[in-house]
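The residues making up each chain are set out below.
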Amino acid sequence: AIWQWGAGATDRAATDTWGDEAHADAQFAKMKMHFVERGVGVILGEFCAIARPQPGAETYRLAWTRHVARSARAHGLVPVYWDNGGTGDASMGLFDRRTGAQVYPALLSALVGAAQ
């Protein structure tokens, strides 16, 4: 299973061979050149990384979210996270929808660009 991501990954068998920081930056640079620089707004809608049960997996999910949100904003895109409502394994929720409580405050901080 793929559950690690980016430069901080320690197990190449748990890391995909594409989609790292440089790949995300390159894709966003293309969007900036083809759209943003021509006055067309870009919403990066429904992006997320699902929760995984492996010990330490949340570290990679946070790194991915932080990088994608920062890079998107740096390239003039508006990132919109996909919260699917669930907060357990294989889900993408950020809030407890019954109480409104933040389940993953570090992810929320990464999304809005707060200091990490």
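For the structure, see preceding data.
Predicted, not measured: the structure shown is a model, and the values here were computed from it.

Since there are 3.6 residues in each turn of an α-helix, residues three or four apart along the chain are aligned in direction. Taking 1.5 Å per residue, 18 residues should reach 26 Å; helix 2 (residues 57-74) reaches 26 Å between its end C-alpha atoms and fits that length. Turning to helix 2, its buried residues are Ala-57, Tyr-60, Arg-61, Leu-62, Trp-64, Thr-65, His-67, Val-68, Ala-69, Ser-71 and Ala-72. Buried residues along helix 2 sit in contact with helix 1 (21-34), strand 1 (43-47), strand 2 (78-81) and helix 3 (105-112).

All right, on to the pattern of salt bridges then. For the coordinates displayed, the defined rule picks out three salt bridges. In this structure, the salt-bridge partner of Arg-97 is Asp-83, at a minimum N-O distance of 3.0 Å. Of this pair, Arg-97 sits in the loop between strand 2 and helix 3 while Asp-83 sits in the loop between strand 2 and helix 3, and the two are 14 residues apart along the sequence. Looking at Arg-97, the relative accessible area reads 58%, which means it is exposed. By relative accessible area, which is 19% here, Asp-83 ends up buried.

Attention now goes to the environment of Arg-52. With respect to the helices and strands, the residue Arg-52 is situated in the loop between strand 1 and helix 2. Take Arg-52: its relative accessible area is 35%, and that puts it in the partly exposed class. Note: C-alpha distance between Arg-52 and Asp-89 (37 residues apart in sequence) is 5.3 Å. Excluding residues that lie within four positions of it along the chain, Arg-52 makes contacts with Ile-2, Trp-3, Ala-57 and Asp-89. At 3.4 Å, the side chain of Arg-52 forms a polar contact with the backbone oxygen of Ile-2.

Conventions used here
Residues numbered from 1 in each chain as written. Predicted model: local features only at pLDDT ≥ 70, side-chain atom pairs only at ≥ 80, totals over all residues. Heavy atoms only, no water. Helix = DSSP H or I, 4+ residues; strand = E, 2+ residues; numbered from the N terminus. Expected span 1.5 Å × (residues − 1). Buried < 20%, exposed > 50% of the residue type's maximum accessible area, 1.4 Å probe, protein only. Contact = heavy atoms within 4.5 Å. Salt bridge = Lys/Arg side-chain N within 4 Å of Asp/Glu carboxyl O. Polar contact = N/O pair within 3.5 Å; in protein donor to acceptor, adjacent residues only side chain to side chain.

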